[in-house]
Protein chains: 2
Amino acid sequence: MVTIADVARHAGVSISTVSYVLSGKRSISAETEGRVRAAIRDLGYLPNAGARALASSRSNVLALVVPLRSDMYLPVLMQFVTGVVTAARAHEHDVLLLTQEEGADGLRRVAGTALTDAVIVMDVQQHDPRLEVLRGLPQPSALIGVPADPRGLACVDLDFAASAASCVAHLADLGHRDLGFVGPPEPVYQRGTSFARRALAGFTSALRSRALAGAGVPCTPDYRGVRRALAELRARVPGLTGLVVHNEEALPVLLDVLHSDGLRVPDDLSVAAICPDQQAQSLAVPVTAVAIPAEELAADAVRAVMRELEGVRDRTVRLRAPELRVRASTGPVR
Amino acid sequence: MVTIADVARHAGVSISTVSYVLSGKRSISAETEGRVRAAIRDLGYLPNAGARALASSRSNVLALVVPLRSDMYLPVLMQFVTGVVTAARAHEHDVLLLTQEEGADGLRRVAGTALTDAVIVMDVQQHDPRLEVLRGLPQPSALIGVPADPRGLACVDLDFAASAASCVAHLADLGHRDLGFVGPPEPVYQRGTSFARRALAGFTSALRSRALAGAGVPCTPDYRGVRRALAELRARVPGLTGLVVHNEEALPVLLDVLHSDGLRVPDDLSVAAICPDQQAQSLAVPVTAVAIPAEELAADAVRAVMRELEGVRDRTVRLRAPELRVRASTGPVR
DNA sequence: CACATCGATCGAAGCGCTTCGACACCGACC
DNA sequence: GGTCGGTGTCGAAGCGCTTCGATCGATGTG
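Being a predicted model, the structure only gives us computed values, none of them experimental. (Residues numbered from 1 in each chain as written. Chains lettered and ligands numbered in written order. Predicted model: local features only at pLDDT ≥ 70, side-chain atom pairs only at ≥ 80, totals over all residues. Heavy atoms only, no water.)

### Points about the interface of chain A and chain B
So the rule is basically this: Residue contacts are defined here by distance: any two heavy atoms, one from each residue, within 4.5 Å place the two residues in contact. When two parts are brought into contact, each loses some accessible area as probed by a 1.4 Å sphere; the total of that loss over both is the buried area. For this document, the term salt bridge refers to a Lys or Arg side-chain nitrogen within 4 Å of an Asp or Glu carboxyl oxygen. Nitrogen and oxygen atoms within 3.5 Å of one another constitute a polar contact, given that in protein one can donate a hydrogen and the other can accept it, and given that sequence-neighbouring residues count only through two side-chain atoms. The helix count covers DSSP runs of H or I at least four residues long, the strand count covers runs of E at least two residues long, and both are numbered beginning at the N terminus.
Each side of the interface is counted separately: chain A has 36 residues, and chain B has 36 residues. Carbon and sulfur atoms supply 68% of the area buried between chain A and chain B, which totals about 3000 Å² over both sides. Taken together, the links from chain A to chain B amount to 4 salt bridges. For the pair chain A and chain B, the number of links is 8 residue pairs in polar contact (both at pLDDT 80 or more). Counting only elements with at least two residues in the side of chain A that touches chain B, the list comes to helix H4 (49-56), helix H5 (74-90), strand E2 (94-99) and helix H6 (103-112) of chain A. The leading source of residues in the side of chain A that touches chain B is H5(A), at 9 residues.

Right under this line is the structure:
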């Protein structure tokens, strides 16, 4: 194993000089730096992570808590994960994977052993037992999602209320006056998943402020569930002409059901969604949608903890404004 | 921060005694051990990971390389990941997440910095540039999947050849003589993904050894792809009565297509699959299937590297025997 | 009863790095 | 010409842990 001492010897300088070349924390003459870098290259030197962590109290690792067994939509989850890994690497950090099951104890463990410099938690619930742990940690943390009480916690998320409202506004501008909202399955609301509630609330208040009629229903992502949801919406919203769908898995099923029921999209029914851009584009009918900017949110979360590691404390909620992409699934009301 | 020195002082023993209590590497009297454990509990001591890694040359972290952007079927991928994390935790290890993009350099980096004790790689290709890196690493590694030349590498996988053969045998026992094989999309074969080829090879050689007729086709997991695959099979295998499906995503679509074509499963066509157990159970018709034992394979991979860390060198290919679960989708030929 | 044996404990030497203070050298300044 | 302030470099003191002798009673053995 090549150590910093080998590099120093090879370059004819002291150990600390090598260290300062690597960290840039003190100025080094161009000539010396050149020799050191050459030595590093020649010897294939890689600094020992443990020694570095011990001496600097920085592990250059961040923990990511992933809801591996949840009913989250996997493709989006994956985008978050890749986003976090990519952003972390851009900040010289690696990502330690924790599962939901590890829970609060897992957080305490990785933080207490100083294995990680920071923690990012996905899919937080409204009243999550991990929140208190996070608040008490010496390490910074960031949530993807917003709990009931986000005080003292850095949170990033899509502005789901504004997203739903943006769908409503788009449909209203096309002349639609009677709208339905298809949400995630009931259990997601029960668990107090905040994005679900915020989207529905955004839908409802947008209806109110524009004096439109409408209702929202939960929906399981199978044919029966979709049929039931549509039936309920039709019953509660006579003359339904527009739909806002916030349920990635149900969306393709819903389009399929409408198709086999002989309903044309958007001629008979306009459909706007909150879903990954890629999905919206690749469906049978390209769907007008507010994209879920998973990679961007992941980068936001990483940025939040990195800034805190640099000493800038700013534990606030950061919501990304929705961007609606109009596609073929919405049109003027007939 | 509580250090081992604090614990030692609190328990009235030396630092090394605390260390030996923790590691169990030397015998400690029950009474002393009690005092030390009490001190650990009272102070909430957690050993510093960096210091430990530096002193012991063990990080207690293993790297998992995940094909986050591949066309792998996500639910199965997730099962592998949770399986690895769970098994690693059972061996006192945490899991560092590397993406495919990091490639060979990523492996060199985490190994070279001694960030990880071992590496587990998923979704290896037949001729994977990372294989040479793995062979040269001082750390042990294990592959989930089998490359063209597995020499010097620990590999674990399902015996896909035997799995396909087991499906053929089951169908043959039910009297079927004309079989089709529905595989993954063409690109998966192109990339040299070994499990795809091994399954098809197993199917073909099982046909031969039982003197049955049949053919295999690749298949994209959409309605058009499935229809095309079925048409080609019917053309190449007149009197087709049984299907072996090795394509998780196409399987539900296929059942749907058969249904809407008015074909009864298993009365008109028997269907056996290689797919996750959970999926096989939850389809419209419960499907006779060889399960993909993702969690078990993950545990096998972790076990392989752990044993190597304990000094037992055994870099061989370990294939799990298939377990066929007979369900409603297969029946006697009419 | 002397001696080897063993169990329980301690002290100290690292592990490879970061970082602080010190120092030597140089040019600028009055 | 002495002083001051930079700049570039070095030495050494840790960071918190593991682990290798060494020590010291107690126990067993011939």
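The structure having been displayed, the exposition proceeds.
### Some thoughts on the packing of aromatic side chains
Residues and elements named next belong to chain A. Stated precisely, the cut-off is as follows: A pair of Phe, Tyr and Trp rings is counted when the ring centres sit within 6.5 Å of each other, with Trp represented by its six-membered ring. The angle between the planes then sorts it: under 30 degrees is stacked, over 60 is edge-to-face, the rest tilted. With a 1.4 Å probe rolled over the protein chains alone, any residue whose accessible area is under 20% of its type maximum counts as buried; one over 50% counts as exposed, and the rest are partly exposed.
The full count for this structure, using the stated rule, is 4 aromatic pairs over all chains. Ring geometry for Phe 181 versus Phe 203: centroids 5.1 Å apart, planes at 40°, classification tilted. Pair noted here: Phe 181 is in strand E6 (residues 178-182) and Phe 203 is in helix H10 (residues 194-209), with a separation of 22 residues, a long-range link. Taking relative accessible area as the criterion, Phe 203 reaches 1% and is therefore assigned buried.

### Concerning the UniProt feature "domain: HTH lacI-type" (unreviewed entry) in chain A
To be explicit about the condition: UniProt positions are given in the numbering used here, feature names are shortened, and annotations may be inferred rather than shown by experiment.
When the UniProt feature table is mapped onto this chain numbering, "domain: HTH lacI-type" (unreviewed entry) sits at residues 2-56 of chain A. Here residues 2-56 of chain A runs as 71% helix and 0% strand, with 20 Å between its end C-alpha atoms.

### Side note on the protein's contact with DNA strand D
Defined as follows: Near residues are defined by distance, with any heavy atom within 4 Å of the molecule or strand qualifying the residue. By the convention adopted, Pro, Cys, Tyr, Trp, Phe, Met, Ile, Leu, Val and Ala count as nonpolar, Lys, Arg, Asp and Glu as charged, and the other residues, Gly among them, as polar.
Near DNA strand D, the surroundings consist of 29 residues, among which Thr17(A), Thr32(A), Ile4(B), Arg26(B) and Tyr45(B) are the closest. When the atoms of DNA strand D within 4 Å of the protein are sorted by group, sugar and phosphate make up 56%. A distance of 3.5 Å separates a base nitrogen of DNA strand D from a polar backbone atom of Ala51(B). Among the elements of the structure, helix H2 (15-23) and H4 of chain A together with helix H2 (15-23) and helix H4 (49-56) of chain B are those that each provide at least two residues to the surface near DNA strand D. With 5 residues, the top contributor of residues to the surface near DNA strand D is H4(B). When its residues are assigned to classes, the surface near DNA strand D shows 14 nonpolar, 11 polar and 4 charged.

### Here we look at the relation of the copies chain A and chain B
In this arrangement, two copies of a chain are superimposed by a rotation about an axis accompanied by a shift along the axis. Short version of the rule: Residues below a pLDDT of 70 in either copy are left out; the C-alpha atoms of the rest, at least 70 in both, set the least-squares superposition of the copies.
Superposing chain A onto chain B takes a rotation of 180° combined with a translation of 0.0 Å along the rotation axis, leaving an RMSD of 0.1 Å. Such a combination of turn and shift is consistent with a two-fold rotation axis. When you check the interface residues of chain A against chain B, 100% turn up at the interface there too, and the contact is symmetric in its surfaces.

### Describing the protein's contact with DNA strand C
As a matter of local geometry, DNA strand C sits amid 28 residues, with Ile4(A), Arg26(A), Tyr45(A), Thr17(B) and Thr32(B) nearest to it. Considering DNA strand C, the proportion of its atoms within 4 Å of the protein that are sugar or phosphate atoms stands at 56%. For DNA strand C, a base oxygen lies 2.8 Å from a polar atom in the side chain of Arg26(B). Ala55(B) is positioned such that a nitrogen or oxygen atom in its backbone is 3.5 Å from a base oxygen of DNA strand C. Counting residues per element, the ones that place at least two in the surface near DNA strand C are H2 and H4 of chain A together with H2 and H4 of chain B. Of the residues in the surface near DNA strand C, the class split is 13 nonpolar, 11 polar and 4 charged.

### Things to note about the packing of helix H11 (residues 223-236) of chain A against helix H12 (residues 250-260) of chain A
All names here are of chain A. Where we set the bar: Angles run from 0 to 180 degrees between N-to-C directions of axes, and those axes are lines fitted to C-alpha atoms, restricted for helices to the stretch in contact. Geometric relationships in this document are graded by angle, where less than 35 degrees denotes roughly parallel, more than 145 denotes roughly antiparallel, 65 to 115 denotes roughly perpendicular, and other angles denote oblique. Left-handed describes a crossing whose near helix is turned anticlockwise from the far helix by less than a right angle; the clockwise case is right-handed.
Between H11 and H12, the least distance of the axes is 9 Å, while the angle of their chain directions is 70°. Judged by the inter-axis angle, H11 sits roughly perpendicular to H12. Every pair of crossing elements has a handedness; the one defined by H11 and H12 is right-handed. Counting all contacts with H11, which are made through Tyr 223, Val 226, Arg 227, Leu 230 and Arg 234, the residues of H12 involved are Ala 250, Val 253, Leu 254, Asp 256, Val 257, Leu 258 and Ser 260. Among the residues making up the contact of H11 with H12, the classes are represented as 8 nonpolar, 1 polar and 3 charged.

### Some points on the packing of helix H1 (residues 4-11) of chain B against H2(B)
Residue and element names in this part refer to chain B. Interhelical geometry of H1 versus H2 gives an angle of 100° and a closest axis separation of 8 Å. Classified by the angle between their axes, H1 and H2 sit roughly perpendicular to one another. Contacts between H1 and H2 involve Ile 4, Ala 5, Val 7 and Ala 8 on the former and, on the latter, Ile 15, Val 18 and Ser 19. Residue classes in the contact of H1 with H2 are distributed as 6 nonpolar, 1 polar and no charged.

### Quick notes on the sheet that holds strand E10 (residues 288-291) of chain B
Residue and element names in this part refer to chain B. What counts here: One requirement defines pairing of two strands: DSSP has to find at least two bridges between them.
Spatially, the 6 strands line up as an open sheet ordered E7-E6-E8-E9-E10-E12, and their pairing is mixed. Each edge of the open sheet carries a strand with a single partner, namely strand E7 (213-217) and strand E12 (324-325). Here 2 bridges tie E10 to E12, and the two strands are oriented antiparallel to one another. Among the inter-strand pairings, Val 290 is bridged to a residue of E12, identified as Leu 324.

### Brief notes about the UniProt feature "domain: HTH cro/C1-type" (unreviewed entry) in chain A
According to UniProt, the positions carrying the feature "domain: HTH cro/C1-type" (unreviewed entry) are residues 3-46 of chain A. Strand forms 0% of residues 3-46 of chain A and helix 70%; the C-alpha atoms that close the span are 8 Å apart.

### Things to note about the environment of Ser59(B)
Residue and element names in this part refer to chain B. Relative to the helices and strands, Ser 59 is located in the loop between H4 and strand E1 (61-66). For Ser 59, a relative accessible area of 14% translates into the label buried. C-alpha of Ser 59 to C-alpha of Asp 149: the two residues are 90 residues apart in sequence and 30 Å apart in space.

### Quick word on helix H8 (residues 160-173) of chain B
All names here are of chain B. Which entries qualify depends on this criterion: How far a helix is expected to stretch is found by multiplying one less than its residue total by 1.5 Å.
Over its 14 residues, H8 runs 20 Å from end to end, which matches the ideal 20 Å to within 8%, given 1.5 Å per residue. Among the residues making up H8, those that are buried are Phe 160, Ser 163, Ala 164, Cys 167, Val 168, Ala 169, His 170, Leu 171 and Ala 172. For H8, the N-terminal cap is Asp 159; the gap from its side-chain oxygen to the backbone nitrogen of Ala 161 is 3.4 Å. Directly after H8, the chain includes Gly 175, whose backbone phi takes a positive value near 100°.

### A short note on the pattern of salt bridges
The full count for this structure, using the stated rule, is 50 salt bridges over all chains. Residue Glu232(A) pairs with Arg236(A) through a salt bridge whose shortest N-O separation is 3.0 Å. Separated by 4 residues within a single helix, Glu232(A) and Arg236(A) lie in helix H11, roughly one turn from each other. Judged by its relative accessible area of 34%, Glu232(A) is partly exposed. Ionic pairing is found between Arg327(B) and Asp277(B), a salt bridge with its closest N-O pair at 2.9 Å. Taken together, the positions of Arg327(B) in the segment after E12 and Asp277(B) in helix H13 (residues 277-282) put the pair 50 residues apart, joining distant regions of the chain. For Arg327(B), a relative accessible area of 17% corresponds to the buried category.

### Remarks on unusual backbone geometry
Among all residues save glycine, negative phi is the norm, and among peptide bonds the norm is trans. Look at the link from Val265(A) to Pro266(A): it is a cis peptide, with omega at 10°. If you trace the backbone, Pro266(A) turns up in the loop between H12 and strand E9 (270-275). We note that Ala114(B) has phi near 60°; this positive angle belongs to a residue other than glycine. Structurally, Ala114(B) can be placed in the loop between helix H6 (103-112) and strand E3 (118-122). In the Ramachandran plot, Asp123(B) falls in the positive-phi region, its phi being about 60° despite a non-glycine side chain. Examined against the element boundaries, Asp123(B) turns out to sit in the loop between E3 and helix H7 (130-136).

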